[in-house]
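What the coordinates show
Given next are the chains, with one letter for each unit.
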Amino acid sequence: MKNFFEESDFLKSTIQKNVTIQRKPQVNTVWHWVLLILFGLLAYGTMTQQFLLIAIFIAIAAIVKGPLMLLWGAIYSFLIAFFPPLGIVLSILFFLINLGTIAKSWRISLTGAYFYLVPLIGGILRAVVKNEPTYAVLIFVALSIVGLHFLLNWLYKNNSLSRTLTWSIISVPYAVLIMLLPTRFRRFKSNRKLKF
């Protein structure tokens, strides 16, 4: 698929001369610091505290995404029911949007994995090594936060916004839970059918 913006020097230079986007530095936003603080809490907390914080993330994402998903599903069903050809057009459009999102989101997925796996590994190590010194935990947390800071800066250089990035990372546990739930329900239903 051709990208006309990159191929046309005239179009590129015209847009760059006439359109200026002023974005404040993303490192100085509240959302950047919220992510670092939440990550610090995850990295410093015990396994129980980590699971409690992740449960809070799931609850927040469910409150925000649940009603919006129901509303969007109702609108989408209404449009498809009364205008069936529009369903094909919308399906193709959403498929193309999702392909673009998947291609762009590998950096965010990498950062989300770091956000959740590093504290988990730290919690497992603390559970295995009993009575570790407090300074060792603090050094681990500090180094982990610095690592996340550099990852976030890398994302900001690739045109990510701190607010949307914060939401994407906080909603990762909810997305994983939603992805896993249907398979468990199918397995449960198939086991019940076998008993009869």
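Provided above is the structure to which this section pertains.
So, a few notes on the structure that sits alongside this text. Because the structure is predicted, anything quoted here is derived from the model rather than measured.

Conventions used here
- Residues numbered from 1 in each chain as written.
- Predicted model: local features only at pLDDT ≥ 70, side-chain atom pairs only at ≥ 80, totals over all residues.
- Heavy atoms only, no water.
- Axes fitted to C-alpha atoms, helices over the stretch in contact; angles between N-to-C directions.
- Helix = DSSP H or I, 4+ residues; strand = E, 2+ residues; numbered from the N terminus.
- Parallel < 35°, antiparallel > 145°, perpendicular 65-115°, else oblique.
- Left-handed = near helix turned anticlockwise from the far one by under 90°.
- Contact = heavy atoms within 4.5 Å.
- Nonpolar A, V, L, I, M, F, W, Y, C, P; charged D, E, K, R; others polar.
- Buried < 20%, exposed > 50% of the residue type's maximum accessible area, 1.4 Å probe, protein only.
- Arc of directions from axis to C-beta.
- Core = buried A, V, L, I, M, F, W, Y, C linked by side-chain atoms within 4.5 Å.
- Phe/Tyr/Trp six-rings, centres within 6.5 Å; stacked < 30°, edge-to-face > 60°.

**Regarding the packing of helix H4 (residues 47-82) against helix H6 (residues 106-128)**
Where H4 contacts H6, the two axes come as close as 9 Å, and the packing angle between them is 155°. Considering their axes alone, H4 and H6 lie roughly antiparallel with respect to each other. Taken as a pair, H4 and H6 cross one another with a handedness that is left-handed. Two secondary-structure elements touch here, H4 through Met 47, Gln 50, Ile 54 and Phe 57 and H6 through Phe 115, Tyr 116, Pro 119, Leu 120, Gly 123, Ile 124 and Arg 126. Considering only residue class, the contact of H4 with H6 consists of eight nonpolar, two polar and one charged.

**With respect to helix H8 (residues 162-170)**
For H8, every residue scored as buried is listed here: Ser 162, Leu 165, Thr 166, Ile 169 and Ile 170. One face of H8 carries all of its buried residues, which in axial projection span an arc of 125°.

**Side note on the nonpolar core**
Counting residues in each nonpolar core, the largest one holds 17 residues, and the members touching the most others are Phe 57, Phe 115, Leu 152 and Leu 165. When contributions to this core are tallied by element, the ones reaching two or more residues are helix H3 (30-44), H4, H6, helix H7 (134-157) and H8. Ranked by the residues each element gives to this core, the list is headed by H3, at five residues.

**Things to note about the packing of aromatic side chains**
Inspection of every chain in the model, using the stated rule, returns four aromatic pairs. Considering the side-chain rings of Phe 39 and Phe 115, the 5.5 Å spacing of their centres and the 45° angle between planes classify their relative orientation as tilted. With Phe 39 in helix H3 and Phe 115 in helix H6, this residue pair connects regions lying 76 residues apart in the sequence. Of the two residues, Phe 39 and Phe 115, both sit in the buried class. Centre to centre, the rings of Phe 57 and Tyr 116 are 6.4 Å apart; their planes meet at 75°, and the pair counts as edge-to-face. Residue Phe 57 is located in helix H4, and its partner Tyr 116 is located in helix H6; the two are separated by 59 residues in the primary sequence.

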